[in-house]
Amino acid sequence: TRSSGGNVLTSNTISGQAALIVTAYPNPYKDNFSLKINSPVSGQVSISYYTIDGIKVAEMKRDVVAFTELTVPYNVPPAYRTRIVYTVSIGGYHAKGIVVSPN
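1. Describing the overall build of the chain
Along the backbone of the chain there are zero helices and eight strands. Order of helices (α) and strands (β) in the chain, N terminus to C terminus: β-β-β-β-β-β-β-β. Counting every position in the chain, which comprises 103 residues, the buried fraction comes to 35%. Long-range pairs, those at least 24 residues apart, make up 55% of the contacts in the chain between residues at least 6 apart in sequence.

Structure follows, in structure tokens:
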């Protein structure tokens, strides 16, 4: 299977071009947040959460269907309730963003 190069897009796309779109809400969050993932391809999406210093706090995989929105909730461990960096990837598509805490 052929995959596109590293497309880094969070919520903006070029007209007519497929993209992995990831939106975090609520942002800022209190105890937890969810990622809304819309993938241009079906398969297994990998999601990783990191502290702003790059320490991985969680990792998970979810099955997605192309162009069907998937919501993935994440309850942030109390010790890490600060800025969280998320990365989402499937095939050659990648998205990343930061979710902030009001604290």
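After that view, the rundown keeps rolling.
2. Thoughts on the environment of Thr 87
Secondary-structure assignment places Thr 87 in strand β7 (residues 84–90). Judged by relative accessible area, which is 24%, Thr 87 ranks as partly exposed. Between the alpha carbons of Thr 87 and Ser 48 there is a distance of 5.3 Å; along the sequence they are 39 residues apart. Look past the residues within four positions of Thr 87 in its chain and what remains in contact with it is Ser 46, Ile 47, Ser 48, Tyr 50, Ala 95 and Lys 96.

3. As for the pattern of salt bridges
Under the criterion given, the structure shown has two salt bridges. Linking Asp 31 and Arg 81 is a salt bridge whose minimum nitrogen-to-oxygen distance equals 3.4 Å. Of the two residues, Asp 31 is situated in the loop between β2 (21–25) and β3 (32–38) and Arg 81 in the loop between β6 (70–75) and β7; the sequence distance between them amounts to 50 residues. Residue Arg 81 is classed as partly exposed on the basis of its relative accessible area of 22%. As a salt-bridge pair, Glu 59 and Lys 56 come within 3.1 Å of each other at their nearest N and O atoms. For Lys 56, a relative accessible area of 41% corresponds to the partly exposed category.

Reading guide: rules and limits
- Residues numbered from 1 in each chain as written.
- Predicted model: local features only at pLDDT ≥ 70, side-chain atom pairs only at ≥ 80, totals over all residues.
- Heavy atoms only, no water.
- Helix = DSSP H or I, 4+ residues; strand = E, 2+ residues; numbered from the N terminus.
- Buried < 20%, exposed > 50% of the residue type's maximum accessible area, 1.4 Å probe, protein only.
- Contact = heavy atoms within 4.5 Å.
- Salt bridge = Lys/Arg side-chain N within 4 Å of Asp/Glu carboxyl O.

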